[in-house]
2 protein chains.
Amino acid sequence: MARAKRATLKSIASDLGVTHTSVSNAWNNPAKVSKELRDRIFAHAATVHYEGPNPAARSLRTGRCGAIGVLFNDQLSYAFTDAHDIAFLRGISSVCEEEGANIVLIPLKDKHPERLDNLTAIVDGYILNAPYKSHPTIRKALARRLPTVVVDFDAPELPSVLTNDRAMMREVVSHLLTLGHRHIAIVTFPWSQDHGEIFTLGHDVSDENHVVHERVLGCRDAFEAAGVAPDGVLVCETPNDEDGGQRAVDRLLRRRHDLTAMVCFSDRLAHGVVARCQALGLSVPRRMSVTGYDGIDPPGRPSEGMKLTTVRQNAFEKGRKAAEALLCAPVQAGTPIRIAAQFVAGDSSAAAWELTE
Amino acid sequence: MARAKRATLKSIASDLGVTHTSVSNAWNNPAKVSKELRDRIFAHAATVHYEGPNPAARSLRTGRCGAIGVLFNDQLSYAFTDAHDIAFLRGISSVCEEEGANIVLIPLKDKHPERLDNLTAIVDGYILNAPYKSHPTIRKALARRLPTVVVDFDAPELPSVLTNDRAMMREVVSHLLTLGHRHIAIVTFPWSQDHGEIFTLGHDVSDENHVVHERVLGCRDAFEAAGVAPDGVLVCETPNDEDGGQRAVDRLLRRRHDLTAMVCFSDRLAHGVVARCQALGLSVPRRMSVTGYDGIDPPGRPSEGMKLTTVRQNAFEKGRKAAEALLCAPVQAGTPIRIAAQFVAGDSSAAAWELTE
DNA sequence: GTGGATATGTTTATCGTTAAACATTGGCGG
DNA sequence: CCGCCAATGTTTAACGATAAACATATCCAC
């Protein structure tokens, strides 16, 4: 059975012997149509299952669609495992609910590069979350020149929401240096799409990923301020999950077994690092200090287990501000919105001298 | 400075002295355009910042837009706090990544009922997650008669993904009855938009929310099978979060202080119930048995704390199947896809006789 | 040299709206 | 009775694309 053709403004208009503009007005400018006609229109619309103007056609005509696109650095299905990204989305949602806007989640088209040209999202603007500078999907989104807000991304020409990653990382490393640690390694998630190497802090860091770049610089700042040569500090790049953290421990210890502290760029990495250290018999924090980043309270019950030394980010607020900048009060490009993070000393870091002596 | 007018197929065509169809083909049917012309087109497109055909116009013409809409029962910003919903979204995402489809999250338009008529989402189809039968946004979505897959919803005329809630709940209650409990109460999240009452299992249950309906019936089954009168079983409706669980304890104990077990319809509720019981000096499970639903491993580290007696759902798989049904292999309406849940006995339930004696 | 496929473009109609400008009518003040 | 405004419709022109049918040239087989 062939699906019956859908009713349109025009078909309703001709059914009723009026012009389609009047039918359109029944929905969009009720004041311009007599109550009597409006009732007739709605009544007839109901019988032919007409559910209001076709949104694609309206969007074409008006140039707006009432939705904002959100792009993540990684696979979407990854984002939904990351407490930071989830809180960020929650922040966006809270604004979109108030404004009545829809959210379009756009998977990176890694598996379908050909669709880059074909299926671009129907959105009024974009929020780009910590994007890789040169990722094709990101570039494509930027190239469309729609209103765009970037988060944790260095783009002076765009409105942006930024955190104080560099200063926070400086604080974390200083914390460890103050505790007497001198053999510290860094565990980071990938700073570009292809990853896996071990570097040292002496290397120049690509700014492909602004977050990693800032945090690495923060670390270097602290080491240099303490007179520690950056060349001696290992930086291990690894996938951002517990398993990645676990493997980083092995890779790092293979190079330097005298490490007494590991600075992780996410709590997930830190959890993996802690787990692997304990499995190797290196107690945390007595034998190995570990720090995280994000400040994810392990849901369930909070106060259990070891409290990670970490940096608490306000991902929810990041999302809110980004969405507000896009939907409510347009923000100037020159002045980024700053969301301050906060250093939290926990139980996973302790003085180093007990073992280095 | 007025924003320069955007280039279109037509403007590019006339710039180049060809027809706009050829320009369109350069993107959509490359084989139909000589390589030489295609290069000229792309080159010129780049200089005028043309980023490919306008998606709204294309969508109007082709009738497809490459996105699916997802609707939740509750506020979107709530969904992002609920581990079940997040896993569900992750399942949908994993399919959308493979298929290159976008996901449109549609907030319930509670705060903007007037936008119901105005801003309908531009999507090729819907996934409705455990929707309230009569919620206006849900009804509106259904009324559009786009391809739709419902999850945990009773709609024989639509393809659906269902779980075995009723059987699982029967198992939970039987478990408690077998342990000797006779004074059991039920803690549920709201079964309609307005909520808050305490009922008994003797009451008829609205099927406004299919999940609650099925679970309540499952409980009743088990009580009846054991010869316990449903009239004596209290059912407390409360917001689906820890606080809601906490308050439910107070409300229930005020009515019946001889309760020895509380059956919760979500793990979040159960966590609140456990917390409140312990605060009241009622140790779990010695003095009070508590069961949950969902099987959310408290992230962070799994094996810590008390293991809740619960039902493990596979929300990820629910999401995957729903998305597959919509995007890949269209599913027949008559035969729901079943995702089995699994009863998990934990440490939060124990024999009752120690205290009822 | 005839006929038919292949490659490359063009013409024209259409998708379903909204917005601006233009008609028509009735009411009302002066 | 004139003129103007408000109320209610209508006419017409986009919005920016895609698809089907049609035109023309080229090539090759037989």
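Above this note sits the structure.
Procedures and definitions
- Residues numbered from 1 in each chain as written.
- Chains lettered and ligands numbered in written order.
- Predicted model: local features only at pLDDT ≥ 70, side-chain atom pairs only at ≥ 80, totals over all residues.
- Heavy atoms only, no water.
- Near = heavy atom within 4 Å.
- Polar contact = N/O pair within 3.5 Å; in protein donor to acceptor, adjacent residues only side chain to side chain.
- Helix = DSSP H or I, 4+ residues; strand = E, 2+ residues; numbered from the N terminus.
- Nonpolar A, V, L, I, M, F, W, Y, C, P; charged D, E, K, R; others polar.
- Salt bridge = Lys/Arg side-chain N within 4 Å of Asp/Glu carboxyl O.
- Phe/Tyr/Trp six-rings, centres within 6.5 Å; stacked < 30°, edge-to-face > 60°.
- Buried < 20%, exposed > 50% of the residue type's maximum accessible area, 1.4 Å probe, protein only.
- Lys NZ or Arg CZ within 6 Å of the ring centre and 35° of its normal.
- Pairing = 2+ DSSP bridges.
- Arc of directions from axis to C-beta.
- Least-squares fit on C-alpha atoms with pLDDT ≥ 70 in both.
- Contact = heavy atoms within 4.5 Å.

Participant: Looking at this model, I keep getting lost on the protein's contact with DNA strand C. Mind explaining?
Facilitator: Neighbouring DNA strand C are 25 residues; L9, S24, N28, Y50 and R61 of chain A lie closest to it. When the atoms of DNA strand C within 4 Å of the protein are grouped by moiety, sugar and phosphate amount to 63% of the total. Side-chain polar atom of T21 of chain A to a base nitrogen of DNA strand C: 3.1 Å apart, as the coordinates give it. Contributions of two or more residues to the surface near DNA strand C are made by α2 (20-28) and α4 (55-62) of chain A together with α2 (20-28) and α4 (55-62) of chain B. Residues of the surface near DNA strand C, tallied by class, amount to 9 nonpolar, 12 polar and 4 charged.

Participant: Explain the pattern of salt bridges to me, please; I cannot follow it from the model alone.
Facilitator: Counted according to the given criterion, the structure contains 28 salt bridges over all chains. The salt bridge involving K140 of chain A is made with E51 of chain B; its shortest N-O contact spans 4.0 Å. With one member in each of two chains, K140 of chain A in helix α8 (residues 136-143) and E51 of chain B in the loop between α3 (35-47) and α4 form a pair that bridges those chains. A single network of salt bridges, built from pairs that share partners, joins E98, R320 and E324 of chain A.

Participant: I tried to follow the packing of aromatic side chains on my own but got confused; where do I start?
Facilitator: For any pair of aromatic rings, the description consists of the separation of the ring centres together with the inter-plane angle of the planes. Tallying each qualifying case throughout the model produces 11 aromatic pairs over all chains. On the numbers, 6.2 Å between centres and 80° between planes, the contact of F72 of chain A with F88 of chain A is edge-to-face. Highlighted residues: F72 of chain A in the loop between β1 (67-71) and α5 (76-79) and F88 of chain A in helix α6 (residues 83-99), separated in sequence by 16 residues. Across this residue pair, the class does not change: F72 of chain A and F88 of chain A are buried. Plain terms: the ring middles of W27 of chain B and Y50 of chain B are 5.3 Å apart, the flat faces sit at 75° to each other, and that makes the pair edge-to-face. Taken as a pair, W27 of chain B in helix α2 and Y50 of chain B in the loop between α3 and α4 lie far apart in primary sequence, 23 residues in all. Y50 of chain B matches W27 of chain B in its accessibility class, with the two residues each being buried. Taken together, the aromatic side chains of W27, F42 and Y50 of chain A make up a single cluster linked through ring pairs. The ring of F265 of chain A is capped by R215 of chain A, whose NZ or CZ atom sits 5.9 Å from the centre of that ring.

Participant: How should the pairing of strand β1 (residues 67-71) of chain B be read in this particular structure?
Facilitator: Every other side chain in a regular strand lies on the same face of the sheet, so the side chains alternate between the two faces. All names here are of chain B. Counted residue by residue, β1 has 5 buried out of 5 residues, so it is predominantly covered. Alternating positions in β1 separate into two faces, A67, G69 and L71 on one and I68 and V70 on the other, with burial throughout. When β1 meets strand β2 (residues 102-106), the two strands line up parallel, connected through 5 bridges. From the neighbouring strand, V70 faces β2, where its bridge partner is L105. Alignment of β1 against strand β3 (residues 125-129), held across 4 bridges, turns out to be parallel. Opposite V70, over in β3, you have I127 as the bridge partner.

Participant: Where do I start with helix α8 (residues 136-143) of chain B in this structure?
Facilitator: All names here are of chain B. T137, I138, K140 and A141 are the residues of α8 that are buried. Along the long axis of α8, the arc covered by the buried residues comes to 160°, so they all point the same way. A positive phi of about 55° marks R145, the residue just after α8.

Participant: I tried to follow the relation of the copies chain A and chain B on my own but got confused; where do I start?
Facilitator: Both copies of the chain are placed relative to one another by a rotation about an axis and a shift along it. Note on the copies: chain A fits chain B at an RMSD of 0.1 Å, the axial shift is 0.0 Å, and the rotation between them is 180°. As the rotation angle and translation indicate, the two copies are arranged about a two-fold axis. It is V104 of chain A whose C-alpha, among those of chain A, lies nearest the rotation axis, at 2.2 Å. Residue by residue, 100% of the interface of chain A is reproduced at the interface of chain B, so both copies engage with the same surface.

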